[in-house]
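Close look at the chain arrangement
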Amino acid sequence: MRLLILGTGGMANKHGASFKEIEGVSVVGGVDVVPERLAAFCSEHGIPNRFASLEEALAWGEFDAVANVTPDAVHHPTTLQAIAAGKHVFCEKPLATDATKAMEMTEAVEKAGKVGMVNFTYRNSPALQKGRQMVLAGEIGKVRHVEASHLQSWLVGKHWGDWKSESKWLWRLSKKHGSNGALGDIGIHIVDFASYGSGLDIAHVFARLKTFDKAPGHKIGEYDLDANDSFTMNVDFTTGAIGTIQATRTAAGQMDQLRLRIYGETGSIEIIYDTGKSTLRACLGEDVHTATWRDIPFDEVETNYQRFVQAVRMGKTQEPSFRRAANIQKVLDKALASDISHKDEALA
């Protein structure tokens, strides 16, 4: 499989390194509007062809698939271009900045008969995959209650750099630069994590979003700091279960932690992904009478990168698909609507 990487910012390095490790995959080209960034990226990863625009790359055309690692607002137009040119697409999340655009992309890739998958990176957690298997196998009985959180701290710590002076962080705080804030950036991850891990679909959303005062005049240079920094969400699932989902970029002491607790009629499961490390615990059987939790072993799982390559070779999309991402985007859109209306919002 010949792969083109579209957008060569920070996350593109993960794509470049991950795809290069897969046998039979050649990263044949890179695209970026910033020549210096493109040159540095292609040199680092040994990529032979460099293009200043997607149009230029498509005119060349000597590739099978595109890894779309552009900013959020650029996903929609560039992905549609790639699909129209007959290319498979592996897109960074969110698929689009709203569900209408995400569904347009979904329908386009399905109509074209091409593979369209989205990089929900935390699907790579083996604890999540094992925990989901246990829930679907009925090991905790019918799910009644779900708690989920995604905690980061780069607004209060400099472990990933200084957000006040680096554009790669500042754009994530600015609506006019295409950001939907913490909801669009990490909210999409924790909503997928919670829904996928519990095996449940969300029916209703009641949400609160908060943007904190971070600079004089709520502005740094060209960046208006108006995108949300934290959110909380109460949800009803289609089965009748209820849950809470929250995320923030201000959780000092938490670099990148996703935690999911799933409570059922006969037991509970806890799944944690914490800055690269996965853990899984459960309270099952007789242990529920003593509130005893035990560690659950799990095996490594294939990554999204590996699944995408397999999907292209087989000609059949695997999960997480464009359609899955579009459905998750519907939840985020309803959360935004709920924050404005101060009402419960139904997905139907």
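Residues numbered from 1 in each chain as written. Predicted model: local features only at pLDDT ≥ 70, side-chain atom pairs only at ≥ 80, totals over all residues. Heavy atoms only, no water.

Bringing the packing of helix α1 (residues 10-20) against helix α2 (residues 35-45) into the picture now. The geometry of α1 relative to α2 is characterised by a closest axis approach of 11 Å and an angle of 25° between their N-to-C directions. Judged on the interaxial angle alone, α2 and α1 are roughly parallel. The chirality of how α1 crosses α2 is right-handed. Here Ala12, Asn13, Gly16, Ala17 and Lys20 of α1 come into contact with α2, specifically with Phe41, Glu44 and His45. A per-class count over the contact of α1 with α2 returns 3 nonpolar, 3 polar and 2 charged. (Axes fitted to C-alpha atoms, helices over the stretch in contact; angles between N-to-C directions. Helix = DSSP H or I, 4+ residues; strand = E, 2+ residues; numbered from the N terminus. Parallel < 35°, antiparallel > 145°, perpendicular 65-115°, else oblique. Left-handed = near helix turned anticlockwise from the far one by under 90°. Contact = heavy atoms within 4.5 Å. Nonpolar A, V, L, I, M, F, W, Y, C, P; charged D, E, K, R; others polar.)

The next subject is the sheet that holds strand β5 (residues 88-92). Spatially, 6 strands are ordered β3-β2-β1-β4-β5-β6 in an open sheet, and the strand pairing comes out parallel. Both outer strands of the open sheet, β3 (49-51) and β6 (116-119), are each paired with one neighbouring strand and no more. The average undirected angle you get between the axes of adjacent strands in this sheet is 20°. Where strand β1 (residues 2-6) meets strand β4 (residues 65-68), 4 bridges bridge the pair, whose relative direction is parallel. (Pairing = 2+ DSSP bridges.)

Our next topic: the environment of glycine 197. Position of glycine 197 among the secondary structure elements: in helix α8 (residues 181-198). Along the backbone, glycine 197 and aspartate 98 are 99 residues apart, and their C-alpha atoms lie at a distance of 23 Å. Setting aside chain neighbours within four positions, we find glycine 197 in contact with Leu128, Gly131, Arg132, Val135, Asp192, Leu260 and Ile262.

Let us look at the pattern of salt bridges. Summed over the entire model, instances satisfying the criterion amount to 17 salt bridges. Here arginine 172 makes a salt bridge to aspartate 185, at a shortest N to O gap of 3.1 Å. Here arginine 172, found in the loop between α7 (167-170) and α8, pairs with aspartate 185, found in helix α8; they are 13 residues apart in sequence, far enough to count as distant. With a shortest N-O distance of 2.8 Å, lysine 214 and aspartate 229 are connected by a salt bridge. In this pair, lysine 214 is assigned in the loop between β8 (202-210) and β9 (219-220) and aspartate 229 in the loop between β10 (223-224) and β11 (230-237), connecting sequence segments 15 residues apart. For aspartate 229, a relative accessible area of 0% puts it in the buried group. By sharing partners, the salt bridges in this structure join Lys93, Arg172, Asp185 and Arg249 into a single network. (Salt bridge = Lys/Arg side-chain N within 4 Å of Asp/Glu carboxyl O. Buried < 20%, exposed > 50% of the residue type's maximum accessible area, 1.4 Å probe, protein only.)

Okay, the UniProt feature "domain: GFO/IDH/MocA-like oxidoreductase" (unreviewed entry) in the protein next. As recorded in UniProt, the feature "domain: GFO/IDH/MocA-like oxidoreductase" (unreviewed entry) lies at residues 129-270. Between the C-alpha atoms that bound residues 129-270 the distance is 12 Å, and the span itself is 21% helix and 35% strand. (UniProt positions renumbered as here; feature names shortened; annotations may be inferred.)

Here we come to unusual backbone geometry. The peptide bond linking lysine 93 to proline 94 adopts the cis configuration, its omega dihedral lying at -10°. Considering the arrangement of structural elements, one finds proline 94 in the loop between β5 and α5 (99-112). Cis geometry is adopted by the peptide bond preceding proline 320, which originates at glutamate 319 and carries an omega value of 5°. Secondary-structure assignment places proline 320 in the loop between α9 (304-314) and α10 (322-341). Although it is not a glycine, histidine 218 sits at a positive phi angle of roughly 55°.

All right, on to the sheet that holds β8 then. Pairing in this open sheet of 9 strands is mixed, and the strands run β16-β15-β14-β13-β7-β12-β11-β8-β17 from one edge to the other. Of all strands in the sheet, those with a lone pairing partner are β16 (294-295) and β17 (345-346), marking the two edges. Along the sheet, helix α6 (residues 126-136) makes contact with β7 (143-152), β13 (256-264), β14 (268-274) and β15 (277-283), crossing β15 at roughly 25°. Where α8 meets the sheet, its contacts fall on β7, β8, β11, β12 (242-248), β13 and β14, and the angle it forms with β7 comes to roughly 150°.

Moving on: α5. One full turn of an α-helix is made of 3.6 residues, so residues set three or four places apart face in the same direction. Taking 1.5 Å of rise per residue, 14 residues should cover 20 Å, and α5 covers 20 Å from first to last C-alpha, within 8% of that figure. Along α5, the positions that sit buried rather than exposed are Ala99, Ala102, Met103, Met105, Thr106 and Val109. The arc enclosing the buried residues of α5, seen along the axis, measures out at 160°, which places them on a common side. Of the residues in α5, the exposed ones pointing more than 90 degrees away from the buried face are Thr100 and Lys111. Turning to α5, the residues buried within the fold contact α4 (75-84), β6 and α10. Measuring from the backbone nitrogen of threonine 100 back to the side-chain oxygen at the start of α5 gives 3.1 Å, which picks out aspartate 98 as the cap. (Expected span 1.5 Å × (residues − 1). Arc of directions from axis to C-beta. Polar contact = N/O pair within 3.5 Å; in protein donor to acceptor, adjacent residues only side chain to side chain.)

Here we come to the UniProt feature "domain: Gfo/Idh/MocA-like oxidoreductase N-terminal" (unreviewed entry) in the protein. In this structure's numbering, the residues bearing the UniProt feature "domain: Gfo/Idh/MocA-like oxidoreductase N-terminal" (unreviewed entry) are residues 2-120. The distance separating the terminal C-alpha atoms of residues 2-120 is 22 Å; by composition the span is 45% helix and 23% strand.

Extensive coverage of β7 is indicated by the burial of 7 of its 10 residues. Here 9 bridges tie β7 to β13, and the two strands are oriented antiparallel to one another. Across the sheet, the residue bridging to leucine 151 is glutamine 257, located in β13.

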